[in-house]
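Spelled out from the first residue to the last, the chains are:
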Amino acid sequence: MDRSIAPTGALAVARAALTSAKVATKRIAVAGSAMTALALAGLVLLAFAPPPPLHETALLEPQKGRIEVRFGRAVALAGTAAIVASPSDGDDGTAGGSVHVFGDSKSGWRRVQRLTSAERDAQDRFGQAVAGAGSRVVIGRDRADESGEDAGGAVVLRRVGYHYRVETELVPEAPSALSGFGGAVAIDGPTIVVGASRDDTTASDAGSARVFTLTDSVWKPSITLLAPDGAIADWFGSAVGVSASSIVVGAYGDDDRGEKSGGVYVWTRGSDGWTLETKIVPEDAKAGDWFGFACAIDGNLLAIGAPRDDGSGESTGCVRLYRRTARGWTLEQTLRPASGVTTTWFGYAVALDRGRLLVGAPGDDTDGDSAGAAQLYHRERNEWALAATLLPTSPTAGAQFGASVALHDDLALIGRNWDEDAEQVSGKAWVFRLESGLVDGEAGATGKKPGKKPAKLRERELESTPATTPAPIATPPRGDVGKNSSTRSSASPLIHCAVASAFAPRTARRPLRSSRFASGPRAYFPSVSG
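Being a predicted model, the structure only gives us computed values, none of them experimental. (Residues numbered from 1 in each chain as written. Predicted model: local features only at pLDDT ≥ 70, side-chain atom pairs only at ≥ 80, totals over all residues. Heavy atoms only, no water.)

Turning next to the overall build of the protein. Within the protein, the secondary structure is distributed over 1 helix and 34 strands. Residue burial in the protein is summarised as follows: out of 530 residues, 51% are buried. Restricting the contact set of the protein to residue pairs at least 6 apart, pairs at least 24 apart contribute 56%. Entry remark: accessible area of the protein is about 22500 Å², with carbon and sulfur atoms responsible for 53%. (Helix = DSSP H or I, 4+ residues; strand = E, 2+ residues; numbered from the N terminus. Buried < 20%, exposed > 50% of the residue type's maximum accessible area, 1.4 Å probe, protein only. Contact = heavy atoms within 4.5 Å. Areas by Shrake-Rupley, 256 points an atom, 1.4 Å probe, with all protein chains shown as cover.)

Looking now at unusual backbone geometry. Positive phi outside glycine occurs at Ala-233, with the angle close to 60 degrees. Here Ala-233 shows up in the loop between β13 (218-225) and β14 (239-243).

Applying the stated criterion to the full structure yields 13 aromatic pairs. Every member of this aromatic cluster is reached through a ring pair, and the members are Trp-235, Tyr-252, Trp-290, Phe-293, Trp-345 and Tyr-348. Between the NZ or CZ atom of Lys-260 and the centre of the ring of Trp-235, over which it lies, the distance is 5.2 Å. One cation-aromatic arrangement involves Arg-308 over Trp-290; the distance from NZ or CZ to the ring centre is 5.0 Å. (Phe/Tyr/Trp six-rings, centres within 6.5 Å; stacked < 30°, edge-to-face > 60°. Lys NZ or Arg CZ within 6 Å of the ring centre and 35° of its normal.)

Pairs can form between side chains of opposite charge whenever their charged atoms are close. Applying the stated rule across the entire model yields 20 salt bridges. Residue Asp-142 pairs with Arg-125 through a salt bridge whose shortest N-O separation is 2.7 Å. Taken as a pair, Asp-142 in the loop between β7 (136-141) and β8 (153-160) and Arg-125 in the loop between β5 (108-117) and β6 (126-133) lie far apart in primary sequence, 17 residues in all. Arg-125 carries the same exposure label as Asp-142, and that label is buried. (Salt bridge = Lys/Arg side-chain N within 4 Å of Asp/Glu carboxyl O.)

We now examine the sheet that holds strand β17 (residues 273-280). Across the sheet, which stays open at both edges, the 4 strands sit in the order β14-β15-β16-β17 with antiparallel pairing between neighbours. At either end of the open sheet lies a strand with only one pairing partner, and these are β14 and β17. Looking at each pair of strands side by side, their axes are set apart by 20 degrees on average, direction ignored. One ladder, built from 6 bridges, connects strand β15 (residues 246-251) with strand β16 (residues 263-270); its direction is antiparallel. Following the sheet pairing, Ala-251 is matched in β16 by Gly-263. (Pairing = 2+ DSSP bridges. Axes fitted to C-alpha atoms, helices over the stretch in contact; angles between N-to-C directions.)

Before going further, it helps to examine the sheet that holds strand β24 (residues 373-380). In space, the 4 strands of this open sheet follow the order β22-β23-β24-β25, with antiparallel pairing throughout. The sheet is open, and its two borders are formed by β22 (349-353) and β25 (383-390), each paired with just one other strand. Mean inter-strand twist for the sheet, computed between neighbouring axes without regard to direction, equals 25 degrees. Where β22 meets strand β23 (residues 356-361), 5 bridges bridge the pair, whose relative direction is antiparallel. Across the sheet, residue Leu-352 finds its bridge partner in β23, namely Leu-357.

Here the protein averages 77 in pLDDT, and 69% of its residues register 70 or above. Predicted confidence for residues 38-48 stays below pLDDT 50, and this span has 0 contacts to residues more than four positions away or in other chains. Low pLDDT (under 50) marks residues 496-530, which in the prediction has 98 contacts with non-local residues, meaning those over four places away or in another chain. (pLDDT = per-residue confidence, 0-100.)

This part is about the environment of Ala-184. Its location among the elements puts Ala-184 in strand β10 (residues 181-188). C-alpha of Ala-184 to C-alpha of Ala-196: the two residues are 12 residues apart in sequence and 7.4 Å apart in space. Excluding residues within four positions of it along the chain, Ala-184 makes contact with Ala-129, Val-193, Val-194, Gly-195, Gly-237, Ser-238, Ala-239 and Val-240.

Bringing the pairing of β10 into the picture now. When you tally the buried positions in β10, you get 6 out of 8 residues, the bulk of the element. Bridge count between β10 and strand β11 (residues 191-196): 6 bridges; the pairing is antiparallel. Bridge pairing in β11 places Phe-181 opposite Ala-196. Between β10 and β11, which pair antiparallel and follow one another directly, the connecting turn spans 2 residues, one of which, Gly-189, has a positive phi of 60 degrees.

Mapped onto the elements of the fold, Ile-223 is located in strand β13. Note: C-alpha distance between Ile-223 and Trp-274 (51 residues apart in sequence) is 7.7 Å. The contact partners of Ile-223, leaving out residues within four places of it in the chain, are Ala-209, Arg-210, Val-211 and Trp-274.

Most of β5 sits inside the fold, with 10 of its 10 residues counted as buried. Two elements, strand β4 (residues 98-105) and β5, share 8 bridges in a ladder whose sense is antiparallel. The residue bridging Ser-105 from the neighbouring strand is Gly-108, located in β5. Here β4 folds back onto β5, and the loop between the two strands holds 2 residues.

Positionally, Ile-232 belongs in the loop between β13 and β14. Among the residues examined, Ile-232 registers a relative accessible area of 57% and is labelled exposed. Between the C-alpha atom of Ile-232 and that of Arg-198, which follows or precedes it by 34 residues, the distance is 9.5 Å. Apart from the residues within four sequence positions on either side, Ile-232 is in contact with Ala-203 and Ser-204.

Structure, rendered in structure tokens:
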């Protein structure tokens, strides 16, 4: 006898409800799992997604009414002063060059000075290279004629109050035509390095670099650096850097791994003076990489650009990071753009500061064909990671943004030397405000939100004031190593200084803040005596 009884009445209803609840629970569980999976996938994508682009705080432009040819060719940061060079500037037809000093005031970034060579009849390319540290700025003039036809030179300026004054001029003691002296410059504390990439001491265009040291308030020549294996067209000295007791010199024409594969030399200063520590040549370098075209050093960290490296595509470029350890300089990491792109020239310009790396890629096509870009990296869990991509709010195809870069504290300065909007080849420069306190192993960068075009900052009318003449410098006797260098002063002011009347003297270390960016970190433009 079958004892099963079909459910009837309330029992049937209860059982049906229980069955429906179980089915619904299973469906909810499945749906929940799917939603959880989607959420996890989203988090993974978010974790590997590139950070949003960072846009500029201020736009620095050529002086109104002037033809500032190649404005932005070279840039530097000295304290909170932004230095922008225009080495082919010459609305009077001289193409002698000019250098512009900008400072952050209550009304935003403004031009403080416009510096030009006193000898405007000579096309000396004043501003072909610039470097800054503390209260001093070094300006390269690789076609100056004072010590010989196109032999080159460099000028050291020191900030007195809010304006720069000529401190001295650096020239090669035994000049040669077209040596390129002043084509690359670097300064750190009491040491200045000046590159002469076409110097013929070792071989034709083998190159050299001169070192100057501040002794008893006088810049004196220390040594001329030569590559022990220098060869024709190595262009040793085309890039230079200095940090404390270390000097790095790039020779992107070096042929150790093939024609123009490139190489980099590191010198250290000890009790016996400057000695060659090592030569760096990547084992996987290939012909045409241009390793050493750009280089920067910060303590025990070294960044070397190879803008024509083909690791990710034709001329995509790369940056190799080396760290000094007990075993010497060892490769820490190689940074390259994403694969599938070409001719980005990543590593064309590099800058290091406080454990951060800024890389220029003037051929980047993110915002148009060769519009350019710059990328900021930081160390995260012992690896270098992209912190931000820096882009102009109004990009221009072919402008090559990122051709020059500078990084100091919470400021990044990026230049380009081409502007299709101008009648002449005239670029621009951009100031980016980074998060203060960004140090090795920490991430984060903040800036102006994209979408709103920044106001174009123009200067007030400028008033000319004479520059002080530096004290005479004694020329030391010629040494035995290559060509020793010397410093000299001119009887008349070497630099013409146009000073903005908007910057009256203020109390030292009074904070100057832009009212438009009041929430950002404070910026100082103090009177510095050291």
